[in-house]
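# Structure assessment
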Amino acid sequence: MINKKEKIYIGKAKGPINIALIKYWGKADEELITPLNNSISLTLDTNTFYTETKVTIQSIGENKDKIKENNISLKINGNPSKITKRIKNIFQKFLSLDYPICKELSSFLLDIKIESINTFPIASGCASSASSMAALVLAITSALKLDNILSKTELTKIARLGSGSACRSIFGGICEWITGTGDNSLAVQLYEKNYWDIGVKLIIVNQKEKDISSSEGMKITKETSELFKYRIEHIVNKHLENLKESLKEKNFNSFSEIIIKDSNNFHACCRDSYPSINYLNEESDYIMKCVFCLNKLYGQNICAYTFDAGSNAFLIYENKNKKIIDNFFKYIFVFDDINIDDLIKLMEIKNIENNKNEINKLKMSKPPKEKIMNQIDFNLGDGAKILYD
């Protein structure tokens with residue numbers, strides 16, 4: 001028999017990944033998860049990669065001791081689980097809000113069940129924590145019927161407590177996470193998803209969990225890297241300013257150069273850490289060479305690369321050049337028997353003989369085919385959203 005005081009609240013949501021163009025690396029405040037610098041990202045569509053989360057919250061009796069830290073028991077995908085600090089922070093933030101449902105639940109013992117599906121490699125530099133925490137926040141919002149009360153901006157503050165980059169997955173399109181202090185650290189939408197017809201190709205070269213987590217890596221870099229201090233003081237703000245200008249002008253040539261430079265600088269800071277951190281591998285290095293070769297063939301930047309804390313590459317391009325990008329990387333990675341003359345015609349490349357040599361030289365040094373596990377295409381997408389049954 002269910003006690004009259006027992007109530008069940010259910011919510012479901014879907015969260016997208018986002019890829020940072022100007023990287024977030026290093027926290028100003030470890031408890032509040034505020035960053036040392038602003039970051040800008042693209043939110044990707046959820047056609048292939050996403051997190052879908054269902055939350056069931058059941059009040060099971062009064063919390064007579066009024067100890068908020070101990071009033072939650074948790075199951076994740078059916079298994080009893082010790083509540084992690086970050087998940088606890090999200091729930092406690094909701095329970096501290098000044099709304100009747102939140103005040104009511106804060107006085108009860110809570111039994112919480114989280115059912116979650118991720119469709120991509122976890123902890124491999126594919127932004128799984130961003131999508132999962134964004135989905136969790138929206139699912140709780142739905143369960144508590146706060147979706148018409150809390151603004152997206154308010155939700156970014158809560159998502160940040162679960163994973164810093166999750167705040168950028170609340171909005172769609174192109175977003176910026178602003179450092180701020182405490183609760184003033186939030187994400188804003190710079191442009192909607194249709195502002196610029198940008199495509200993204202993810203090349204997966206490693207699905208294993210990375211040796212050093214992003215959280216641990218950030219601490220090591222912040223504490224030991226001289227180059228990182230220089231990045232924060234002299235580089236990253238210039239990159240932010242220049243990227244915003246290129247976005248405003250839709251100047252892909254400068255846009256891509258800034259993205260590449262910031263990715264390079266971020267990974268240089270990781271390598272400069274003590275002990276040195278290397279999230280990239282030989283395949284990552286090869287993909288960088290491919291992008292430089294491709295841009296050289298056209299005499300301008302038509303493709304950019306960026307790597308988060310992992311070896312998997314995100315290629316960024318204008319969708320008007322998507323066929324060129326597709327054909328080039330299929331020739332390099334997929335097909336052994338494609339005719340290079342046909343490729344050059346498809347790509348409309350001039351100086352045919354010289355460029356044949358460039359492309360063949362690149363293909364001769366490529367990694368084994370089995371190292372390139374998959375290529376997945378995205379467009380810009382919407383932010384995390386509630387799923388209504």
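For clarity, every value in this text was computed on a predicted model and none was experimentally measured. (Residues numbered from 1 in each chain as written. Predicted model: local features only at pLDDT ≥ 70, side-chain atom pairs only at ≥ 80, totals over all residues. Heavy atoms only, no water.)

### Regarding the layout of surface pockets
In this structure, the second largest pocket encloses a volume near 260 Å³. In terms of lining residues, the second largest pocket is bounded by 15 residues, among which Asn-206, Lys-210, Asp-211, Asn-278 and Tyr-279 are the most central. Of the residues belonging to the lining of the second largest pocket, the class tally is four nonpolar, seven polar and four charged. (1 Å grid on protein atoms, 1.4 Å probe; cavity = no way out; pocket = protein on both sides within 12 Å on 5 of 7 lines; lining within 4 Å. Points joined across faces, edges and corners; volume = space filled by probe spheres on them. Nonpolar A, V, L, I, M, F, W, Y, C, P; charged D, E, K, R; others polar.)

### A word on the pairing of strand β1 (residues 7–15)
Looking at chain direction, β1 and strand β6 (residues 51–62) are connected through nine bridges and run antiparallel. Residue Gly-11 lies in a different strand from β6, and its bridge partner there is Val-55. Judged from the two bridges that link them, β1 and strand β16 (residues 385–386) form a sheet pairing that is antiparallel. Each bridged residue has a counterpart across the sheet, and for Ala-13 the counterpart in β16 is Ile-386. (Pairing = 2+ DSSP bridges. Helix = DSSP H or I, 4+ residues; strand = E, 2+ residues; numbered from the N terminus.)

### Thoughts on the sheet that holds strand β5 (residues 39–43)
Pairing is antiparallel in the open sheet, where four strands are placed in the order β2-β5-β10-β11. Since the sheet does not close on itself, it has two edges, and those belong to β2 (18–22) and β11 (186–191), each with one partner. Sheet twist, expressed as the average angle between the axes of neighbouring strands with direction ignored, equals 35 degrees. As paired elements, β5 and strand β10 (residues 174–178) share four bridges and run antiparallel to each other. Bridge pairing in β10 places Ser-39 opposite Trp-177. (Axes fitted to C-alpha atoms, helices over the stretch in contact; angles between N-to-C directions.)

### Some thoughts on the sheet that holds strand β15 (residues 374–379)
Strand order in the open sheet formed by four strands is β13-β14-β12-β15, and the pairing between neighbours is antiparallel. Each edge of the sheet is formed by a strand with only one pairing partner; in this case those strands are β13 (304–306) and β15. The average angle at which neighbouring strand axes cross in this sheet is 25 degrees, direction not considered. Along the sheet face, helix α7 (residues 252–272) touches β12 (198–204), β13 and β14 (313–318) and points at about 25 degrees away from the line of β13. Here helix α9 (residues 322–334) sits on the sheet and contacts β12, β14 and β15; the angle it forms with β15, its principal contact strand, is near 170 degrees. (Contact = heavy atoms within 4.5 Å.)

### Quick notes on the confidence of the model for the protein chain
Looking at the protein chain, pLDDT values average 89 and 89% of them are 70 or higher. Taken together, the stretch residues 64–69 has pLDDT below 50 and engages in six contacts with residues farther than four places along the chain or on a different chain. (pLDDT = per-residue confidence, 0-100.)

### Quick word on unusual backbone geometry
At the junction of Tyr-274 and Pro-275, the peptide bond is cis and its omega measures out at 0 degrees in the coordinates. When you line up the elements, Pro-275 lands in the loop between α7 and α8 (282–298). In this structure, Ile-33 takes a positive phi of about 55 degrees despite not being glycine. Take Ile-33: its relative accessible area is 2%, and that puts it in the buried class. Backbone geometry at Lys-250 places phi at a positive 50 degrees, although glycine is not the residue there. Mapped onto the secondary structure, Lys-250 falls in the loop between α6 (226–249) and α7. (Buried < 20%, exposed > 50% of the residue type's maximum accessible area, 1.4 Å probe, protein only.)

### Overview of the pattern of salt bridges
One side chain can pair with another of opposite charge once the charged atoms of both are near each other. For the structure on display, the rule yields 18 salt bridges. Here Lys-7 ties to Glu-104 by a salt bridge, and the two come within 3.0 Å at their closest N and O atoms. You can see Lys-7 sitting in strand β1 and its partner Glu-104 sitting in helix α2 (residues 100–106), a full 97 residues away along the chain. Note on Glu-104: relative accessible area 28%, which makes it partly exposed. The shortest N-O distance in the salt bridge between Lys-193 and Asp-382 comes to 3.3 Å. Placement of the pair is Lys-193 in the loop between β11 and β12 and Asp-382 in the loop between β15 and β16, with a sequence separation of 189 residues. Owing to a relative accessible area of 45%, Asp-382 belongs among the partly exposed residues under this scheme. Each of the salt bridges in this network shares a partner with another, and the network as a whole consists of Lys-201, Lys-322, Asp-326 and Asp-377. (Salt bridge = Lys/Arg side-chain N within 4 Å of Asp/Glu carboxyl O.)

### Looking at the nonpolar core
The biggest cluster of nonpolar side chains holds 63 residues, and the ones touching the most others in it are Leu-42, Phe-255, Ile-316, Phe-328, Phe-329 and Ile-359. Sorting elements by how many residues they give to this core places α8 first, with eight residues. Among all residues touching Ile-316, those that are not within four sequence positions of it are Leu-21, Leu-42, Ile-198, Gly-199, Val-200, Phe-252, Phe-255, Ile-259, Ile-302, Cys-303, Ala-304 and Thr-306. Counting residues in hydrophobic clusters, the runner-up holds 36 residues, among them Ile-101, Met-133, Leu-138 and Ile-386. (Core = buried A, V, L, I, M, F, W, Y, C linked by side-chain atoms within 4.5 Å.)

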